[in-house]
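So the chains spell out like this:
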Protein chains: 2
Amino acid sequence: MKRQIINDPGAAVTEALEGMELSFPDLVSYDTDRQLILRATPARDKVGLVSGGGSGHEPLHAGFVGRGMLDVAVPGAVFASPTALQVHEGTLAADSGRGVLQIVKNYTGDVLNFTIAGELAGDHAVDTEMVLVDDDLATDGDADGPGRRGTAAVVAVEKIAGARAELGGSLTEVADAARRVARTSRTMSLALQAGTHPGDDRPAFDLADDEVELGVGIHGERGTSRVRYASADELSEMLVTPLVRDLGLGRGSAVLAIVNGLGGAYPLELSIAARGVHRLLGARGITVARTLVGTYVTSLDMHGFSVTLTPVDADLLKLWDAPVRTPALNW
Amino acid sequence: MKRQIINDPGAAVTEALEGMELSFPDLVSYDTDRQLILRATPARDKVGLVSGGGSGHEPLHAGFVGRGMLDVAVPGAVFASPTALQVHEGTLAADSGRGVLQIVKNYTGDVLNFTIAGELAGDHAVDTEMVLVDDDLATDGDADGPGRRGTAAVVAVEKIAGARAELGGSLTEVADAARRVARTSRTMSLALQAGTHPGDDRPAFDLADDEVELGVGIHGERGTSRVRYASADELSEMLVTPLVRDLGLGRGSAVLAIVNGLGGAYPLELSIAARGVHRLLGARGITVARTLVGTYVTSLDMHGFSVTLTPVDADLLKLWDAPVRTPALNW
């Protein structure tokens, strides 16, 4: 077994959630019966936000529960969707009378279970809307398949929608803000080493000493290509160039940039990667209006990083800058 | 060379600082001439706070520059003290007319260079006080040596002193608050794998598959003993038990707990470790009044964690809870 700081591998997710509740009791509450993370003090009279999905992406999603972001997180097992019943309970728990926005990363199981939960919520007279986050550019053009995967843009969607809800927006207005961010955000990721599932002996896939996996997913999925190990600047360019091209960014564009560690990257590396991203965008005349640098959407202990770009205007920046108070994001 | 997300290993520190400035231009400014990280908007009419030391511990110290914490960070090369001249410039830059508190981790080079800088500041009519942070319990009892090392308690010292300065405290008052935290805080650390210096082939020391280094330092120093690899709960106990004993904690005590990743630990692991720390302290009747969980004081990509305990009362909690706005700590 690869050595990790865990007890029983099968209990890693629930123990981590317990640790989050014990560490941030003023922010979050862990309902072990329903397997939900709730705000310690439920919000009143606002649109509720619920998200969730497989675990192994910590601090996502439980770390984003709190004022200005989510009301409820629904965690599954590692890389496994929560059940429809669990999502149903989470959707109802997020409601304070103004309806609930479900924020769903585009994976078949998650989409199915959130859809069922949305239908069940209707039986309880709870209005729901769903926003699908499908930002992973590496999986673009898969017309016959499930479409693009959802990755780190979910942080931007949850932050922007959370702010809009906190400001009193209607369900339609909150959903519109979320969809705008989801529709216009794209992410590219790479790994120098795959993540290792708790209790496993080895990473999800092997890389040779001179290989980097480009276009990698956050569930141990292989990437779209293997490239030679290269400098941080060259690696950053492999992520930024396709994003800029796909989003049609150029002189005069303004973006939010999320430089996200995938679990095993350490802070010095992420700052160097962020420098590369800024320089590449700056050289193209693209303004980076805001940057988030850190470890937010992980694939266990994967050694790598992702770059997410979201075009922004003054309205979105106002929502991005609005106060937030969660275990993993604060300002 | 072990693969890291870097360009030139020799430029890793300065590039990371550039990345921090580019990512958080509203918070920090990187003065490349003087090799200082400054607040983007200098504070006025308050006691200045300057800290620094070797790099490789990111986000420390540059990540803690901003409102409510440091005014200036003085970064050295990886694991090497900044020069006395550099600290001198940093000390002067931190002054806004009310004097400067120097926060120094207890390493020979740092103490020497900050002492010289403090003396030089006097020639410029800038009052200084120095607080020494020497929290590493693993190096206790070294009466003939340099004394205990300074590790993660520096975050608590910088946060508390920063808040006291922001509230208008005099140099003596700010220094007293800092010294109280420094005097009463203790830390224990362990590693499952040592960190690897950028450009090196291997970690600073080797561990067998079943070994854990207990009492490890943050500069690649070996620990005080090797123990068998064990569960997260058992590892947490190895850190917590000596801290509780040394600090004389028991029923009715209240502490701030910092569960700090040393670079390579990923968020799921840190939450599980935090759970263990809370359960161990709770079982002894010790209240954990506040918890900080995350990657704050690293040893490059070392895979391990540290636990810092600081006894707190209502006054200290008020300072801890005061607003802070830095690249790495916000609320």
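Details of the structure are given in the entry above.
Summed over all chains, the structure comprises four aromatic pairs over all chains. Ring geometry for B:W320 and B:W331: centres 5.3 Å apart, planes at 50°, overall tilted. Here the residue B:W320 occupies a position in helix α8 (residues 314-321), and B:W331 occupies one in the segment after α8, the gap between them amounting to eleven residues. According to the relative accessible area criterion, B:W331 is partly exposed, its value standing at 23%. It is A:R222 that lies over the ring of A:F205; its NZ or CZ is 5.9 Å from the centre.

With that settled, consider the pairing of strand β11 (residues 287-294) of chain A. All names here are of chain A. Pairing of strand β10 (residues 254-261) with β11 involves seven bridges; the strand directions are parallel. Within the sheet, the bridge partner assigned to V259 lies in β11 and is V293. This β-α-β element, β10 to helix α7 (residues 267-283) to β11, shows right-handed connectivity.

Let us now look at the relation of the copies chain B and chain A. Placing chain B over chain A gives an RMSD of 0.0 Å and needs a rotation angle of 180°, together with 0.0 Å of translation along the axis. Taken together, the rotation angle and the small translation identify this as a two-fold axis. The fraction of interface residues of chain B whose copies in chain A are also interface residues reaches 100%, indicating that both copies meet through the same surface.

Time to look at the packing of helix α1 (residues 12-23) of chain A against helix α7 (residues 267-283) of chain B. Put simply, α1(A) and α7(B) touch, their axes get as near as 7 Å, and they point 60° apart. With respect to α7(B), the element α1(A) is oriented oblique. When you trace α1(A) past α7(B), the crossing you get is left-handed. Counted together, A:A12, A:V13, A:E15, A:A16, A:E18, A:G19, A:M20, A:L22 and A:S23 of α1(A) and B:L268, B:S271, B:I272, B:A274, B:R275, B:H278 and B:R279 of α7(B) form the full contact between these two elements. For the contact of α1(A) with α7(B), the residue count by class is eight nonpolar, four polar and four charged.

Our focus in this paragraph is the interface of chain B and chain A. Taken together, the contact between chain B and chain A spans 55 residues of the former and 56 residues of the latter. Interface area, chain B with chain A, both sides summed: about 4,600 Å², of which 61% is carbon and sulfur. Considering only the side of chain B, the residues that lose the most area to chain A are B:R3, B:I5 and B:Y266, jointly responsible for 21% of the buried surface there. At the surface where chain B touches chain A, the tally comes to six salt bridges. In this structure, B:E18 and A:R279 form a salt bridge, with 4.0 Å as the shortest nitrogen-oxygen distance. Within the residue set of the side of chain B that touches chain A, elements represented by two or more residues are α1 (12-23), β8 (211-214), α6 (232-247), α7, β11 (287-294) and β12 (303-311) of chain B.

It is worth spelling out the environment of A:V72 at this point. Residues and elements named next belong to chain A. Mapped onto the elements of the fold, V72 is located in strand β4 (residues 72-78). A C-alpha to C-alpha distance of 8.2 Å links V72 and G52, two positions 20 residues apart in sequence. Beyond its immediate chain neighbours, meaning those up to four positions away, V72 contacts L36, I37, L38, L49, V50, S51, V65, G90, A93 and A94.

What follows is about the side chain of A:Q4. If you trace the backbone, A:Q4 turns up in the segment before α1. There is a polar contact of 3.3 Å between the side chain of A:Q4 and the side chain of A:D301.

Residues and elements named next belong to chain A. With 16 residues, helix α3 (residues 108-123) should reach 22 Å at 1.5 Å per residue; the first-to-last C-alpha distance of 23 Å fits that figure. D110, N113, F114, A117, G118 and A121 are the residues of α3 that are buried. Seen end-on, α3 carries its buried residues on one side only, within an arc spanning 145°. Within α3, the exposed residues directed more than 90 degrees away from the buried face are T108, L112, E119 and D123. Summarising the contacts, the buried residues of α3 are in contact with β3 (48-55), α2 (84-94), β5 (100-105) and β6 (128-133). Just downstream of α3, A125 is the residue with a positive phi angle, here 60°.

Residue and element names in this part refer to chain B. The sheet built from six strands is open, its strands ordered β9-β8-β7-β12-β10-β11 with mixed pairing. Every interior strand has two partners, whereas the edge strands, β9 (225-228) and β11, have only one. Looking at each pair of strands side by side, their axes are set apart by 20° on average, direction ignored. Bridging between strand β7 (residues 186-193) and β12 involves seven bridges; their strand directions are antiparallel. Within β12, the position partnered with R186 by the bridge is L309. The sheet contacts of α8 involve β10 (254-261), β11 and β12, and relative to β11 the element is tilted by about 25°.

Thresholds applied
- Residues numbered from 1 in each chain as written.
- Chains lettered and ligands numbered in written order.
- Predicted model: local features only at pLDDT ≥ 70, side-chain atom pairs only at ≥ 80, totals over all residues.
- Heavy atoms only, no water.
- Phe/Tyr/Trp six-rings, centres within 6.5 Å; stacked < 30°, edge-to-face > 60°.
- Helix = DSSP H or I, 4+ residues; strand = E, 2+ residues; numbered from the N terminus.
- Buried < 20%, exposed > 50% of the residue type's maximum accessible area, 1.4 Å probe, protein only.
- Lys NZ or Arg CZ within 6 Å of the ring centre and 35° of its normal.
- Pairing = 2+ DSSP bridges.
- Right-handed = clockwise from strand over helix to strand, strands pointing away.
- Least-squares fit on C-alpha atoms with pLDDT ≥ 70 in both.
- Contact = heavy atoms within 4.5 Å.
- Axes fitted to C-alpha atoms, helices over the stretch in contact; angles between N-to-C directions.
- Parallel < 35°, antiparallel > 145°, perpendicular 65-115°, else oblique.
- Left-handed = near helix turned anticlockwise from the far one by under 90°.
- Nonpolar A, V, L, I, M, F, W, Y, C, P; charged D, E, K, R; others polar.
- Buried area = accessible area lost by both parts, 1.4 Å probe.
- Salt bridge = Lys/Arg side-chain N within 4 Å of Asp/Glu carboxyl O.
- Polar contact = N/O pair within 3.5 Å; in protein donor to acceptor, adjacent residues only side chain to side chain.
- Expected span 1.5 Å × (residues − 1).
- Arc of directions from axis to C-beta.

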